[in-house]
Amino acid sequence: MIEKLREVNDKLIKLNVNDEKNLKKYKLIQKILKDDKCFFKMKIEYAYSILRDLGIKKQDLKKVYVELINSKNL
């Protein structure tokens, strides 16, 4: 799942190359996503915010988040 999020973020970086505000946001998300365990290290509010920024639908946020922090991913 983290790989999928990285791919989505890379696409968003390319799409926003001319939008400095959004480009800065996606570059920051890119740095965060470099750590495979990043979602274990942040508050749920920040995790949901990142997931929303990456286009995850509201109704899917919890499911995606739970998958990202599943203990088998340790």
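Right above here is the structure, for reference.
Residues take numbers from 1 onward in each chain, read along the sequence in its written order. Owing to the predicted nature of the model, reporting of local features is limited to residues with pLDDT of at least 70; listing and counting of side-chain atom pairs is limited to 80 or more, with chain, interface and lining totals taken over all residues. Side-chain measures were taken over the full set of non-hydrogen atoms in the model, leaving aside hydrogen atoms and water.

## Side note on the nonpolar core
Then, in step 1: Within this scheme, the nonpolar core is defined by two criteria: the residues are buried Ala, Val, Leu, Ile, Met, Phe, Trp, Tyr or Cys, and they are joined through side-chain atoms within 4.5 Å. Under the scheme applied here, a residue whose accessible area is under 20% of the maximum for its type counts as buried, over 50% as exposed, and between as partly exposed, the area being computed with a 1.4 Å probe on protein chains only. Grouped together as the largest cluster of nonpolar side chains are 20 residues, with contacts concentrated most on Leu5, Leu33, Phe39, Leu51, Leu54 and Leu68.
Then, in step 2: Segments assigned H or I by DSSP are reported as helices when at least four residues long, segments assigned E as strands when at least two residues long, and all are numbered from the N terminus. For this core, the elements supplying multiple residues, two or more each, are helix H1 (2-15), helix H2 (20-33), helix H3 (44-53) and helix H4 (61-68).
Then, in step 3: Contacts are assigned to residue pairs that have any heavy atoms within 4.5 Å of one another. Sequence-distant contacts of leucine 5, that is, excluding residues within four places in its chain, are made with Leu33, Phe39, Leu51, Leu54, Ile56 and Leu68.

## A short note on the environment of isoleucine 2
Then, in step 1: Residue position: isoleucine 2 is located in helix H1.
Then, in step 2: Note: C-alpha distance between isoleucine 2 and leucine 68 (66 residues apart in sequence) is 7.0 Å.
Then, in step 3: Sequence-distant contacts of isoleucine 2, that is, excluding residues within four places in its chain, are made with Leu33, Asp35, Asp36, Cys38, Phe39 and Leu68.

## Considerations on the environment of aspartate 36
Then, in step 1: Positionally, aspartate 36 belongs in the loop between H2 and H3.
Then, in step 2: Of the residues examined, aspartate 36 reaches a relative accessible area of 47% and is grouped as partly exposed.
Then, in step 3: Dropping the residues within four chain positions of it, aspartate 36 is found in contact with Ile2 and Arg6.
Then, in step 4: Two N or O atoms form a polar contact when they lie within 3.5 Å of each other; inside protein one atom must be a possible hydrogen donor and the other a possible acceptor, and for residues adjacent in sequence the pair counts only when both atoms belong to side chains. Reaching out from aspartate 36, the side chain makes a polar contact with the side chain of arginine 6 at a distance of 2.4 Å.

## Remarks on the environment of asparagine 9
Then, in step 1: Residue placement: asparagine 9 occurs in helix H1.
Then, in step 2: As for asparagine 9 and glutamine 30, which are separated by 21 residues in sequence, their C-alpha atoms are 6.7 Å apart.
Then, in step 3: When sequence neighbours within four positions are dropped, the list of residues in contact with asparagine 9 reads Tyr26, Ile29, Gln30, Leu33 and Leu54.

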